[in-house]
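Descriptive analysis of the structure
Residue strings, one per chain:
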Amino acid sequence: MKVYDVVVIGAGQAGLSASYHLTRLGLEHVVLDANARPGGAWQHRWDSLSMEDVHGVADLPDATAPRSSSERANAVLPDWFARYEAERGLPVVRPVRVDRVTSEGDLLVVHAGARTWWTRTLINATGTWTQPFVPHYPGVESFRGEQLHTVDYPGPEHFDGKRVLVVGGGASAVQFIGELAPRTDVLWVTRRPPVWRDHFDERTGRDAIELVQERVRAGLPPASVVSVTGLGLRPQEQEASRLGAYDRRRPMFARIEADGVRWADGSFEPVDVILWATGFRPAVAHLAPLHLRSELGGIALLQTGADVQTATTVERDPRVHLVGYGPSASTIGGNRAGRAAAVAVRRQLAELDGPLSSATSIPRESAAAG
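Residues numbered from 1 in each chain as written. Predicted model: local features only at pLDDT ≥ 70, side-chain atom pairs only at ≥ 80, totals over all residues. Heavy atoms only, no water.

Topic: the overall build of the chain
Summing up its helical and strand segments, the chain has seven helices and 17 strands in all. Scored against the burial criterion, the 370 residues of the chain give a buried share of 50%. Put simply, 67% of the contacts in the chain that link residues at least 6 apart link residues at least 24 apart. When the accessible area of the chain is evaluated, it comes to approximately 17200 Å², of which 49% is carbon and sulfur surface. (Helix = DSSP H or I, 4+ residues; strand = E, 2+ residues; numbered from the N terminus. Buried < 20%, exposed > 50% of the residue type's maximum accessible area, 1.4 Å probe, protein only. Contact = heavy atoms within 4.5 Å. Areas by Shrake-Rupley, 256 points an atom, 1.4 Å probe, with all protein chains shown as cover.)

Quick notes on the nonpolar core
Core analysis: the largest hydrophobic core is formed by 56 residues, its most contacted members being Trp-80, Ile-123, Val-166, Ile-177 and Leu-275. For this core, the elements supplying multiple residues, two or more each, are strand 1 (3-9), helix 1 (13-24), helix 2 (73-88), strand 8 (163-167), helix 3 (171-180), strand 9 (185-190), strand 14 (273-276) and helix 7 (331-351). At six residues, helix 2 tops the list of elements feeding residues into this core. With near-sequence residues (within four places) excluded, Trp-80 lies in contact with Gln-13, Val-57, Ala-58, Asp-59, Leu-60, Ala-63, Thr-64, Ala-65 and Pro-66. Counting 24 residues, the second-largest nonpolar core is a separate cluster that includes Tyr-4, Leu-32, Val-98 and Trp-117. (Core = buried A, V, L, I, M, F, W, Y, C linked by side-chain atoms within 4.5 Å.)

Points about the sheet that holds strand 11 (residues 255-257)
Within the open sheet, the three strands sit side by side as 11-12-13. Their pairing is antiparallel. Across the chains shown, the open sheet's two edge strands, defined by having one partner strand only, are strand 11 and strand 13 (268-270). When strand polarity is set aside, the average angle formed by the axes of neighbouring strands in this sheet is 20 degrees. Two elements, strand 12 (residues 260-262) and strand 13, share three bridges in a ladder whose sense is antiparallel. What sits directly across from Val-261, in strand 13, is Glu-269. (Pairing = 2+ DSSP bridges. Axes fitted to C-alpha atoms, helices over the stretch in contact; angles between N-to-C directions.)

Describing helix 1
In a regular helix each residue adds 1.5 Å, so 12 residues correspond to 16 Å; helix 1 covers 17 Å between its end C-alpha atoms and thus fits that length. Here helix 1 lies mainly inside the structure; 10 of its 12 residues are buried. Where helix 1 ends, the next residue or the one after it, Gly-26, has phi of about 75 degrees, a positive value. (Expected span 1.5 Å × (residues − 1).)

Details of the packing of aromatic side chains
Evaluation of the coordinates by the stated rule reveals 13 aromatic pairs. Geometrically, the ring pair formed by Trp-196 and Tyr-246 is edge-to-face, given 5.7 Å between the ring centres and 75 degrees between the ring planes. In this pair, Trp-196 is assigned in the loop between strand 9 and helix 4 (202-217) and Tyr-246 in the loop between helix 6 (238-242) and strand 10 (250-251), connecting sequence segments 50 residues apart. Exposure remark for Tyr-246: the relative accessible area of 7% places this residue in the buried category. Three or more aromatic residues joined by ring pairs make a cluster, and in this case those are Trp-46, Tyr-153, Phe-159 and Phe-176. In this arrangement the basic side chain of Arg-45 is found over the ring face of Trp-42, its NZ or CZ atom lying 4.7 Å from the centre. Over the ring of Phe-133 we find Arg-281; its NZ or CZ atom is 3.9 Å from the centre of that ring. (Phe/Tyr/Trp six-rings, centres within 6.5 Å; stacked < 30°, edge-to-face > 60°. Lys NZ or Arg CZ within 6 Å of the ring centre and 35° of its normal.)

Some details on the side chain of Asp-5
Assignment of secondary structure puts Asp-5 in strand 1. One buried charged side chain, Asp-5, makes no salt bridge at all; its nearest oppositely charged neighbour is Arg-120, positioned 4.3 Å away. In this structure the side chain of Asp-5 is engaged in a polar contact, spanning 2.9 Å, whose partner is the backbone nitrogen of Glu-28. (Lys, Arg positive; Asp, Glu negative; His and termini not counted. Salt bridge = Lys/Arg side-chain N within 4 Å of Asp/Glu carboxyl O. Polar contact = N/O pair within 3.5 Å; in protein donor to acceptor, adjacent residues only side chain to side chain.)

Observations concerning the pairing of strand 9
Among the six residues in strand 9, five count as buried, and that is most of the element. Note: strand 8 against strand 9, five bridges, orientation parallel. By the bridge assignment for strand 9, Leu-165 is matched with Leu-187. Between the parallel pair strand 8 and strand 9, the chain is carried across by helix 3, and the sense of this crossover is right-handed. Bridge count between strand 9 and strand 10: two bridges; the pairing is parallel. Note that in strand 10 the partner of Val-189 across the bridge is Arg-250. (Right-handed = clockwise from strand over helix to strand, strands pointing away.)

Some points on the pattern of salt bridges
As enumerated under the stated definition, the model contains 17 salt bridges in all. Overlapping salt bridges, with partners in common, bring together Arg-163, Asp-185, Arg-250 and Glu-269 in one network.

Some words on the sheet that holds strand 14
Taken together, five strands build an open sheet; the order of strands is 7-14-8-9-10 and the sheet is parallel. Taken across any chain shown, the strands that pair with only one partner, and hence form the sheet edges, are strand 7 (146-149) and strand 10. Packing of helix 3 onto the sheet brings it into contact with strand 8, strand 9 and strand 14, and relative to strand 9 it is tilted by some 165 degrees.

Below is the structure:
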């Protein structure tokens, strides 16, 4: 039975970057992806999200990203990913939904239903899309209207004639308001007043990423980059701004009722839809058997260089690398982390007397075919 040098979980931007560099380094690996087809989380985005709307897509290694256009991002980017996988012969297996990862002596075992893969190291590139976060508020179960999260967003036409409450202070909330306010009645609530930026430059982004890394290094859960960089309006959101949709923001309500939401001062707003643009959490539940989290709730990563986006090695188990987590949770960060993880894995395996042969045997009763 085969023991891999590396198993990569996830074939989004970070996973493909890691696989590209592992292939160049000659490391025996497989990429397990839960989706039925290429495209990572992009294939699940709403149809109204065009290539003009996406907040920047970085090049993949040795492949230039598609240009800005009016075409749907959920078609353009999956097609690009599919070509990339095929042209470079990356060893992606799908659909494989990993249930858990366990440790057996010096090896890690990746479980997906009745199937298992044995590996010396692991690169986790599962992102956040499958872990939407919705905060709990009193009365939420009593609401008779519709509740949707960003992952469920069906496009602006769905909300015509409805009064929509957008909850959240990030870029997605700003974008949803930009689409909805010109065509229907929209309210906006956030936990904190939004911070609008006058400009965004490389230093702003770098400082924000370093602050995220400080949290990760301390073992805290990652914070969003936008909480540091602030928000900006793009041309497609100017009409909503002219209508005053962003100026009418209110603080968070105290409770949800059958037909709307009520604030602590007793004021009430009737709404038909609550759109939770409240973000995501890292999709790492399958790593729970490895006990990687610190007492503070996050997974601490070891920083080995000046670029915080290349911190991938898990402090509590250096066999495990996280890409697209914390400071590398962006397309360009995922690329850098993918390369860094591949290099770190090669170094680790060299220290253990080099890669194992693909013919390395393990007891047949201990494994199923990968």
